[in-house]
Amino acid sequence: MAKGRIRAKIRRSGLYTFCVRPQEKHAQEETSLPEGPGFSRIVHCNQPDVHRRKPYRYRANNISTTKYNVLTFIPKGLFEQFRRAANIYFLLAAILSVTSVSPFGSVSMIAPLAIVVGLTMAKEGVEDWRRFMQDMEINNRKVTVHKGDGVFEQFVWQEVVVGDVVKVHKDEFFPADLLLLSSSYEDGICYVETMNLDGETNLKIKRAQEVTLPLDDDAAFKDFQGMIKCEDPNPSLYTFVGNLEYDRQVYPIDPTQVLLRDSKLRNTTYVYGVVIFTGHDSKVMQNATESPSKRSRIEKKMDQIIYILFSVLVLISLISSVGFSIMTKNELPNWWYLRAPDPQGLYDPNNPILSGLFHLVTALILYGYLIPISLYVSIEFVKFLQAYFIDNDINMYHEESGTPARARTSNLNEELGQVDTILSDKTGTLTCNQMDFLKCSIAGVAYGTRPSEVELAAVKQMAAELEGKDPDIPSAGQKSEVELETVITAKDEKDHKHAVKFFGFEDARLLNGNWFKEPNLEVLLLYFRILAVCQSAIPELNEATGLYSYEAESPDENAFLAAAREFGFEFIKRTQSAVIIRERYPNYSEPVEREYKILTLLEFTSKRKRMSVIVRDEDGQILLLCKGADSIIFDRLAKHGKTYLEATTSHLNEYGENGLRTLALAYKKLEEAEYNAWNNEFQKAKSSIGSDRDANLERLSELMEKDLTLVGATAIEDKLQEGVPGCIDKLAQAGLKLWVLTGDKMETAINIGFSCSLLRQGMKQICISTAQMEESANDSKEKWLLYTDQAIKENVLLQITNGSQMIKFEKDPNAAFALIIDGKGLTYALEDDMKFQFLSLAVECASVICCRVSPKQKALVTRLVKEGTGRTTLAIGDGANDVGMIQEADIGVGISGCEGMQAVMASDFAVAQFRFLERLLLVHGHWCYKRIAHMICYFFYKNIVFGLTLFYFEILAAFSGQTIYDDWYSLSFNVVLTSLPVISLGVFEQDVSSDFPALYQQGPRNLFFDWTRILGWMGNGLYTSLVVFFLTIAIFDSHAFRPSGQVADMYVMGTIMFTCIIWAVNCQITLTMSHFTWIQHVLVWGSIAMWYVFITIYGALPLDISGNVYQQFVEILAPATIYWTTTVLVTVLCVGPYFIHMAIQRALNPLDHHIIQEIKYYRKDVEDQTMWHREQSKARTKTKVGFSARVEAKMRQLKTRIQKKQSGSTFPSPASLKS
């Protein structure tokens, strides 16, 4: 069976889990379904033609996750584009541009809109095409389907219909939701991996109805027919209600007989199944939800700026309209050459109000350049390139798994630079989700000498930090202490490296058969056998090495089986009725294979928190072997079974302090009659159908799992991921707060907090829990009755209030507080009348750890932090239970770890390990924020410059609606001549590296996109527009500048102004940039050169195309010296104030990054290392968490001790330095 290749010929067994095979029913009424909506589906088995026509025609098996299709792409895409207010404005302007009120030609208005909308829709189309190709890849997978007459052929998934009988082979995905009919095993069981559904890597056991077991080969389906009546499509993955009508009998169907789409067949050669739900009716697709729409804070503020500019646009348009009405009434009759009124009534002295209204429309179009039409598409293009750099950052590539970082959406790049609070899962996120069996307690004796990583890491890093760093500490004493610590650490590292995966245990008393010499040998045997037998794993023999590996339900189980093997009890085979253990007993050198018959298996669930197996050994003795959470097991111990309780409890507390995960092991001997009586009741409960079925099963399991005898406990280490403590330290130095939300018990979470340096010795812990009340209530029922829900709630509120008071009255400025709350306490703390008090306490604490939290509570805590603080939140996790938290946060980061891809699929960004979060935020996030902020401010600046010069000319031209610029100038301004430099700013700009984490706070403080800076840029745009317009007018008005004496006409003046604008805005962007490469130089100076190329080529076109600018540059402007000197003068005056502001700021009030840039420019980072390290230390936010804070606390403690010692006194021992 090792690899599922050979059909197992064994008798049918009693190896059934909590949902055992139902017994056959002969009475219809016993298995009838609820009537009414929700239970109307009828499936005709092996009759797919029935389901190709009404009324039994159900949804097809193809899936589509695309946003558009061929028919809806254009209408739906246009609808999405014109949901933006700015695009609606430009659409109306484009429509009006074909009328006589438009100051521009229709091409200059329609072309930019078409380009912007077209490019954005093309981007949407490309992204949707990728989704379509992914869908097609799935829809075109192959599966073997019964064609008829016992013949099976391959079809693609999308051709499968309800009622089809399909044959799925090992390691293939199920194409639809199926009812399992039979498998390659005679008892009809199969093993299924549901990682794509729930994120769990463990295998689930599924089993067919006994009545369908004879359908075990292709020919058996020639005449097969049946009918399934079941529930309608719904998203519940763990329930199923239905009946199978076959051979004139009715059989109930339960979830253990249903194979869900997108789960995978493992360790089973093949299975047969009949299709129940297809396509979007399948449970996995019913669970598919669209990710919530997320917008960054910068994007939301950008909308506010556009509203402001639109208000300015309306204001100056109204001014123009009123001015035009006045001029039309008072001055137009004197201008006889205009022949007023015109035939269209656009200017009529007799009706100036109507003329003003017409001009209002003209002005709204004319000044439309105040609102940058190309801003949206430029930002999307920039974000796309930023996401490309994130995807291809070699420093975030995980070589071991071959996994790069992934920006799954580019909409939130700049939000990465504004994060205030990180909410993190623990297992698989901070830890590896790889367990090592490290210590154990058997018969009240503690075994295992190898220290955990928590202990080793603290000692090692402390030694490194202390060595030669503080001149105030006597060097001799310091050296002696550090040497001792280093020796301990080095010795530990050298001695404790282990080659056996999942097994880090070291203790000569139990290894190599030495346990034979230990007292309580019988208890030791029981302990090892519980490890080997009480499990649901599947062994696989590696023929090359001869070693067994295990497909286990959890990493913990792998560690237990590895430990059992190393102790001499190797699990080598599983049948449907037994497990085979190769035991090195009674002679360690001569292993013996022993069979343990599995009678009943009670599976582990998060509610039960325990697992039990009832077995019969070779001597005929029936045993219940149980493992589970210590609190659960201890409550079920018999009076005579508590012999080792006190010692085991002490060991469990010690293991918890060392950051280890613990379970308790117990057993119970059963008499034959006792078991048979219980089993009869259990079988009846399992084969029943009804609302009380689960309650009966739970009651019967409770009845069996009591009066246990304690054997011992296990302690396994959930290792921290590489680089986690260092990453947390850097994030803390950057001013970020980290909350840990975990399902682990409080003791384990606290220990992981210590190992990550979120907690440290001396930090004051505020623990909020209902455990104390529950323990007190357990002493008597009378007390419990007094503890009502309201009383518990008031107790939690009191604990929160006391914690707040403790912080308020703390006088030590270096004091640090940690808030630790359990799931039950959190239930009350999140209620509406208490949640803000809880949040107020939490934000005052240096670190927050929430234990025993459910997935829903993770999402609720995230929402509370997001809405309560108003700051940007980031949630990071790796499992299906983290999806709610990831979707609720402003930014969701998924870790592509051991728990499937559910978290990644729901995330905005994906990384392989937690440590990459440092670079994602402190480098990419910081840069993206500054780039986007500078880019948007500059975009509005340049459009204000261009748009206001049109308004000034309107005043000069009596509000006539005449534009000073050629239509093609206006068209090329945003699309060609100024677009590339701003894109280079958004993609390539850098300030400093991640060596200065405190600079990250520029983002959360919104230093570069607050209203002061935005209004400053707008003011700069106003100033530049005034200089460009009025200085150019002053120089060229009434002055001859050509050899023949001509003055500049309107079109020449427009070209001169436009030249000055191009120079001014492009020089302005060079002053904004801090980091130059050849790309920026090419794009900035190339854009200026492109302008001259453009006006040369445009002026050379035939007269009917170039119009008033025909040969203008070559014959008029280029030969005129004043044209070139004016360009230089206007440009210098435009950028001069910004340059002076920068010089004064850098000299008198520099920002942090200004200082660092200057140090680097003068190479002080190379030549003066002392100053460089001093600046690096300054560029760290003072924090009370992280390893740096732990070291500082230790240093303060050490200095205090040294100051108190007299000469000749001894130093504290290395053990006292451990954190």
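Notes on the structure follow. (Residues numbered from 1 in each chain as written. Predicted model: local features only at pLDDT ≥ 70, side-chain atom pairs only at ≥ 80, totals over all residues. Heavy atoms only, no water.)

**A few points about the pairing of strand β29 (residues 817-821)**
- Buried residues dominate β29, accounting for five of its five residues.
- Burial along β29 is two-sided: the residues Phe 817, Leu 819 and Ile 821 and Ala 818 and Ile 820 are all buried.
- Two strands pair when backbone bridges link them, and β29 and strand β30 (residues 847-850) are joined in this way by four bridges, in the parallel orientation. Along β30, the bridge assignment pairs Ala 818 with Ser 847. (Buried < 20%, exposed > 50% of the residue type's maximum accessible area, 1.4 Å probe, protein only. Helix = DSSP H or I, 4+ residues; strand = E, 2+ residues; numbered from the N terminus. Pairing = 2+ DSSP bridges.)

**Quick notes on a nonpolar patch on the surface**
- Taken together, the side chains of Ile 88, Leu 91, Leu 92 and Ile 95 present a nonpolar region at the surface, about 330 Å² in accessible area.
- Examined against the element boundaries, Ile 95 turns out to sit in helix α2 (residues 85-96). (Patch = residues over 30% accessible without salt bridge, like charges linked within 9 Å, V, L, I, M, F, W, Y side chains within 5 Å. Areas by Shrake-Rupley, 256 points an atom, 1.4 Å probe, with all protein chains shown as cover. Salt bridge = Lys/Arg side-chain N within 4 Å of Asp/Glu carboxyl O.)

**Concerning the packing of aromatic side chains**
- By the definition in use, this model includes 55 aromatic pairs.
- Measuring from ring centre to ring centre gives 5.4 Å for Phe 505 and Phe 567, while their planes differ by 85°; the resulting arrangement is edge-to-face. With a gap of 62 residues between them, Phe 505 in the loop between α10 (475-495) and α11 (521-533) and Phe 567 in helix α12 (residues 555-567) connect regions that are remote in the sequence. Judged on exposure class, the residue Phe 505 and its partner Phe 567 are both buried.
- Measuring from centroid to centroid gives 5.7 Å for Tyr 965 and Phe 1058, while their planes differ by 65°, and the two rings are edge-to-face. Of the two residues, Tyr 965 is situated in the loop between α27 (917-956) and α28 (967-977) and Phe 1058 in helix α31 (residues 1050-1072); the sequence distance between them amounts to 93 residues.
- Given the relative accessible area of 2%, Tyr 965 is considered buried. (Phe/Tyr/Trp six-rings, centres within 6.5 Å; stacked < 30°, edge-to-face > 60°.)

**Here we look at the sheet that holds strand β8 (residues 226-230)**
- Spatial strand order, β1-β8-β9-β10: four strands in an open sheet with antiparallel pairing. Pairing within the sheet leaves two strands with one partner each, and these edge strands are β1 (41-45) and β10 (249-253). Strand-to-strand twist in this sheet, taken as the mean axis angle between neighbours without regard to direction, amounts to 20°.
- Sheet topology places strand β9 (residues 242-246) next to β10; five bridges connect them, and they run antiparallel. Looking at the pairing, Glu 245 lines up with Val 250 of β10. (Axes fitted to C-alpha atoms, helices over the stretch in contact; angles between N-to-C directions.)

**Brief notes about the nonpolar core**
- Counting 100 residues, the largest nonpolar core has Tyr 965, Phe 1009, Phe 1058 and Trp 1091 as its most contacted members.
- Broken down by element, the residue count for this core peaks at 18 residues, all from α27.
- In this structure, Trp 1091 is in contact with Tyr 969, Leu 977, Thr 1055, Phe 1058, Thr 1059, Ile 1062 and Tyr 1123, ignoring residues within four places of it in sequence.
- Judged by nonpolar contacts, the second largest core, of 55 residues, contains Leu 511, Ala 559, Ala 564 and Val 711. (Core = buried A, V, L, I, M, F, W, Y, C linked by side-chain atoms within 4.5 Å. Contact = heavy atoms within 4.5 Å.)

**Focus on the pattern of salt bridges**
- Tallying each qualifying case throughout the model produces 42 salt bridges.
- The residue Lys 793 makes a salt bridge to Glu 831 at a minimum N-O spacing of 2.7 Å. One end of the pair, Lys 793, is in helix α21 (residues 789-808); the other, Glu 831, is in the loop between α22 (823-829) and α23 (835-844), and 38 residues separate them in sequence.
- We classify Glu 831 as partly exposed; its relative accessible area is 27%.
- Among the ionic contacts, a cluster of salt bridges with common partners joins Arg 610, Arg 636, Glu 698, Glu 702 and Glu 705.

**Notes on the state of the cysteines**
- As enumerated under the stated definition, the model contains zero disulfides in all.
- Note on Cys 851: no disulfide assigned, nearest cysteine sulfur contributed by Cys 850 at a separation of 7.2 Å. (Disulfide = S-S within 2.5 Å.)

**Considering the environment of Thr 978**
- Mapped onto the fold, Thr 978 is located in the loop between α28 and α29 (979-988).
- For Thr 978, a relative accessible area of 0% puts it in the buried group.
- As a C-alpha pair, Thr 978 and Val 1084 span 106 residues in sequence and 8.3 Å in three-dimensional space.
- A distance of 3.0 Å separates a polar atom in the side chain of Thr 978 from a polar atom in the side chain of Lys 942. (Polar contact = N/O pair within 3.5 Å; in protein donor to acceptor, adjacent residues only side chain to side chain.)

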